[in-house]
Amino acid sequence: MADTATYAHVQTRGTSPTLNEAFNRVSWGAVFAGVAIALTVQLVLNLLGVGIGAAVIDPGTADNPAASTFSMGTIAWFVISGIVASFAGGYVASRLSGRPLRSTGALHGLTSWAVTTLVIFYLLTTSIGALAGGLFNGISGIISGAGSTVATAATAAAPSLAEATNPMAAIEQQIRETSGGNDPAVLRDTAVKAVQAVLTGDPAQAEQARNQAADALARAQNIPVEQARQQVAQYETQYRQTVEAAKQQATAAAQTAATAVSTGAVLAFVALVVGAIASLIGGSVGTTRVVRTEDVYVRA
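A brief structural summary. (Residues numbered from 1 in each chain as written. Predicted model: local features only at pLDDT ≥ 70, side-chain atom pairs only at ≥ 80, totals over all residues. Heavy atoms only, no water.)

1. Description of the overall build of the protein chain
Thought 1: Within the protein chain, the regular secondary structure consists of ten helices and two strands.
Thought 2: Reading the secondary structure of the protein chain in the N-to-C direction produces β-α-α-α-α-α-α-α-α-α-α-β.
Thought 3: Looking at the protein chain as a whole, 31% of its 300 residues qualify as buried.
Thought 4: Long-range pairs, those at least 24 residues apart, make up 76% of the contacts in the protein chain with a sequence separation of at least 6.
Thought 5: Carbon and sulfur atoms provide 63% of the accessible area of the protein chain, an area that totals close to 17,500 Å². (Helix = DSSP H or I, 4+ residues; strand = E, 2+ residues; numbered from the N terminus. Buried < 20%, exposed > 50% of the residue type's maximum accessible area, 1.4 Å probe, protein only. Contact = heavy atoms within 4.5 Å. Areas by Shrake-Rupley, 256 points an atom, 1.4 Å probe, with all protein chains shown as cover.)

2. Considering the packing of helix 2 (residues 28-55) against helix 4 (residues 102-125)
Thought 1: Running from N to C, helix 2 and helix 4 point in directions that differ by 55°, and their axes come no closer than 8 Å. Put simply, helix 2 runs oblique to helix 4. The two elements helix 2 and helix 4 meet at a crossing, and its hand is right-handed. Packed against helix 2, whose contacting residues are Trp 28, Val 31, Phe 32, Gly 34, Val 35, Ala 38 and Leu 39, the element helix 4 presents His 108, Thr 111, Ser 112, Val 115, Thr 116, Val 119 and Ile 120 at the interface.
Thought 2: Of the residues belonging to the contact of helix 2 with helix 4, the class tally is nine nonpolar, five polar and no charged. (Axes fitted to C-alpha atoms, helices over the stretch in contact; angles between N-to-C directions. Parallel < 35°, antiparallel > 145°, perpendicular 65-115°, else oblique. Left-handed = near helix turned anticlockwise from the far one by under 90°. Nonpolar A, V, L, I, M, F, W, Y, C, P; charged D, E, K, R; others polar.)

3. Concerning the nonpolar core
Thought 1: Ile 171, Ile 175, Val 195 and Leu 217 are the most contacted members of the largest nonpolar core, which totals 22 residues.
Thought 2: Contacts of Ile 171, omitting those with residues within four sequence positions, involve Val 195, Leu 199, Tyr 235, Gln 238 and Tyr 239. (Core = buried A, V, L, I, M, F, W, Y, C linked by side-chain atoms within 4.5 Å.)

4. Things to note about the environment of Arg 229
Thought 1: Within the secondary structure, Arg 229 is located in helix 10 (residues 225-285).
Thought 2: Of the residues examined, Arg 229 reaches a relative accessible area of 32% and is grouped as partly exposed.
Thought 3: Sequence spacing of Arg 229 and Ala 213 is 16 residues, and the spatial spacing of their C-alpha atoms is 7.9 Å.
Thought 4: Once residues within four sequence positions are removed from consideration, Arg 229 is found in contact with Asn 211 and Ala 214.
Thought 5: A polar contact is formed between the side chain of Arg 229 and the side chain of Asn 211, at a distance of 2.6 Å. (Polar contact = N/O pair within 3.5 Å; in protein donor to acceptor, adjacent residues only side chain to side chain.)

5. What about the pattern of salt bridges?
Thought 1: Counted according to the given criterion, the structure contains three salt bridges.
Thought 2: A salt bridge links Glu 236 to Arg 210, with the shortest nitrogen-to-oxygen separation between them at 2.8 Å. Here Glu 236, found in helix 10, pairs with Arg 210, found in helix 9 (residues 206-221); they are 26 residues apart in sequence, far enough to count as distant.
Thought 3: For Glu 236, a relative accessible area of 11% corresponds to the buried category.
Thought 4: Classification of Arg 210 as partly exposed rests on a relative accessible area of 28%.
Thought 5: Residue Glu 226 pairs with Arg 229 through a salt bridge whose shortest N-O separation is 3.7 Å. Separated by three residues within a single helix, Glu 226 and Arg 229 lie in helix 10, roughly one turn from each other.
Thought 6: On the basis of relative accessibility, which here comes to 55%, the residue Glu 226 falls in the exposed class.
Thought 7: Linked by salt bridges that have partners in common, Glu 207, Arg 210 and Glu 236 make up one network. (Salt bridge = Lys/Arg side-chain N within 4 Å of Asp/Glu carboxyl O.)

Structure representation (structure tokens):
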């Protein structure tokens, strides 16, 4: 009579401390293989994005997508390619680890994603990896002539106060263009210095400075002192308006930059979290299957 006995060739977790350790031990070789696959997939997809992005640009016409369209496309493509790369890296790391537990396979996938993320950030923040790291910036750099990212758009849209027009420059030009007299150069210089003292000097001595500026302008332009006083008042108003406009421009630039940084950080966070989830799923799917076999023996 033949008796049939079933033996599980892989014991379940917790049955043996030795097997439990073996099932849950990290396989760094598998992890680094997953990292290599993830980086390669990310690179390949970014190169594909380069081709697609460049194909839609026609330098000979003005009928090209707007910069905002390219920016949104860049973000979407980068997130999608990151998800695919994370899944692929997690799957390979789990499969090559040979671990039969889904939890261990998923953790191998997550570890592969973590190492991949660290490698990419290293490449992006060091001069050694600047060339390679640029490949993982998404496809934001492929359309530099036709579109811009959020950060560059913010910088171009609102220059800082340091780059704003000198409020005194326009006034000085007006004074020099309307000066006359026997010695125009000296008179112009004197008038410019006098007006500058009114605009940027000690407020407590502003009235005295206005009188001196009016006298200097009157001599430089051969006009009555009262008319020169009116010009000084106009210059003061123009100066204040220019300074105020520069401050508003700088404030707008700061707000735009802050919004760009905030938006970029949130998007990066979301992309990383989604990538981590994809690596966990890939690791779980890539777990090695355990097959139970039956050994048949005959009892005499």
